[in-house]
Structure formats: C-alpha cells, structure tokens
Amino acid sequence: SRHAKRTACAFCAFFACCLCLCALGLVSCGQQGDTREAGRVFDRVFTEQEVIDYVAAYREGSATTDDADWAAWLAKKGTTAEKLRTETLNYLAENFLVERAAQLRDVEVSDDEVQEALDEQKSEYTSELAWTRALINSGYTEDAYKMSVKSTLLKAKIKETFADPSTVSDADLQSYANNKAGG
C-alpha cells in the first residue's frame, strides 16, 4: 500500500539521518565519552575518557577546576598537561598490573584494611584540613590516595607469597630441579 511505502521511506530516511549524526559525533549512539584508546596493557584497554575522568576528579578534589588555576598548578609542579596525561595513564596501568598479579597470586586487600591504613595516615595530621592539604600538595584526591594505599598493600601481600631467597637451600633447589626434570 501507498501508506506502507511512505512509512518505510520515512523510517529509512530517519535511520540514515541517525547514522549520519552518529558518524559526525552529534549523537552518542550508546557510547559515553571519548572511547579512543589511550593505552593498553595486555587485554585491558584504557580509554581517553578514563584518563580525562581521573584528571577531572583530581582537579575537582584539588579545587583547580578553573583553567587559570589549573595552568598555575601545572606550572608550579613543573609539568604539562601531556606529561600529566602520561603519568595518569602509567598510574592506571600500574594499578591494573598490581590487581592482575593479586588475582594470579590469590591475594586480596579488604576495604577495612585500606581504611585502617588510611586512618593510620590521617592520624599523623592535626586536622582534616591539614590532611586534605597534604593530599592536594602530594597530587592526590582522597579516592586516588585510597587506590594508592590499596595498591601498596596488595604489593606487600603479593611479595609475601614468594619464597624468601635466603631461606632456600641448595638442597631445596636441587630437589626442585630433579622434580622438574622427572628425576
């Protein structure tokens, strides 16, 4: 019927317009933010949006959301936006690798352990304001610092899963070698 043809044509035209808008980036088409690859570690792809979000959270936490304040902070630290982007990507990649190693070694750190370590650090400061200033001066938001504390605790636990070389005797090594060689 004529009505069915018009409806089909209208639908095709609408669909074609949507495709064009998606191609131009005017409509998100279900994707959020900048999905370009910023870096990769094994099968883990870090997107530009992850880097952007991390830096934005830092800026918000350090009260440098104004571009002029941000530029002044970068200059004070002797860095550039590109260097900070690279450092952020390296930080995210390192944390991913620590998490992966922890999985492989069957090591976990609980939220309570992280909070205990964080509280211990906080107790060294005279006030919440002094703590916050120390975090900002160190280049951390509290969430980023928690991630760093968790990573540090995981690294220590991972290290504990390996044998202390000073406790392995020559006889232990020979026995291990014989077992691997089938003899």
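Look up a bit, the structure's there.
The structure presented is a predicted model; accordingly, all values stated were derived computationally and were not measured. Here the residue index of a chain counts from 1 through its sequence in written order. Whole-chain, interface and lining totals are the exception, using all residues; otherwise, since this is a predicted model, local features are given only for residues with pLDDT of at least 70 and side-chain atom pairs are given and counted only at 80 or more. Based on all heavy atoms of the structure, the side-chain values leave hydrogens and waters out of the count.

## Quick look at the overall build of the protein chain
Step number 1: Runs of H or I in DSSP of at least four residues are treated as helices and runs of E of at least two as strands, each being numbered from the N terminus. The secondary structure content of the protein chain amounts to 8 helices and 2 strands.
Step number 2: Put simply, the protein chain runs from its N terminus to its C terminus through helices and strands in the order α-β-β-α-α-α-α-α-α-α.
Step number 3: The buried share among the 183 residues of the protein chain stands at 23%.
Step number 4: Of all intrachain contacts in the protein chain linking residues separated by at least 6 positions in sequence, the fraction that spans at least 24 positions is 62%.
Step number 5: Computed with the Shrake-Rupley method and a 1.4 Å probe, the accessible areas treat only the protein chains shown as cover for residues. Of the accessible surface of the protein chain, which amounts to about 13100 Å², a share of 55% is contributed by carbon and sulfur atoms. Residue burial is assigned from relative accessible area. The probe radius is 1.4 Å, only protein chains are included, and a residue is buried under 20% of its type maximum, exposed over 50%, and partly exposed in between. Contacts are assigned to residue pairs with any non-hydrogen atoms lying within 4.5 Å of each other.

## Points about the packing of aromatic side chains
Step number 1: Between rings of Phe, Tyr and Trp, where Trp is taken as its six-membered ring, a pair exists when centres lie within 6.5 Å; planes separated by under 30 degrees are stacked, by over 60 edge-to-face, and by other angles tilted. What the rule picks out here adds up to 5 aromatic pairs.
Step number 2: Here Tyr125 and Trp131 contribute two aromatic rings whose centre-to-centre distance is 5.5 Å and whose plane-to-plane angle is 65°, an arrangement assigned as edge-to-face.
Step number 3: Here Tyr125 falls in the partly exposed class, since its relative accessible area comes to 35%.
Step number 4: The exposure class of Trp131 is buried, given its relative accessible area of 2%.
Step number 5: Relative to Tyr145, the ring of Trp131 lies with its centre 5.6 Å away and its plane at 75°, an arrangement referred to as edge-to-face. Remark: Tyr145 occurs in helix α7 (residues 142–160) and Trp131 occurs in helix α6 (residues 128–138); sequence separation between them is 14 residues.

## Section: helix α2 (residues 48–61)
Step number 1: A rise of 1.5 Å per residue sets the reference length of α2, with its 14 residues, at 20 Å; its end C-alpha atoms lie 20 Å apart and thus fit the reference within 8%.
Step number 2: Listed in full, the buried residues belonging to α2 are Glu48, Val51, Val55, Tyr58 and Arg59. What you see down the axis of α2 is that its buried residues fit within an arc of 100°, all on one side.
Step number 3: Those residues of α2 that are buried are in contact with β1 (37–41), β2 (44–47), α3 (67–77), α4 (81–104) and α6.
Step number 4: After α2 finishes, the residue Ala63 shows a positive phi value of roughly 55°. To estimate the expected span of a helix, subtract one from its residue number and multiply by 1.5 Å. Throughout, the arc means the angular range of directions from the helix axis out to the C-beta atoms.

## Remarks on the pairing of β2
Step number 1: When DSSP finds at least two bridges between two strands, those strands are taken to pair. Of the strand pairs in this sheet, β1 and β2 are connected by 4 bridges, and their pairing is antiparallel. Paired with Glu37 across the two strands is Thr47, which belongs to β2.
Step number 2: Between the antiparallel neighbours β1 and β2 lie 2 residues, among them Phe42 with a positive phi of about 55°.

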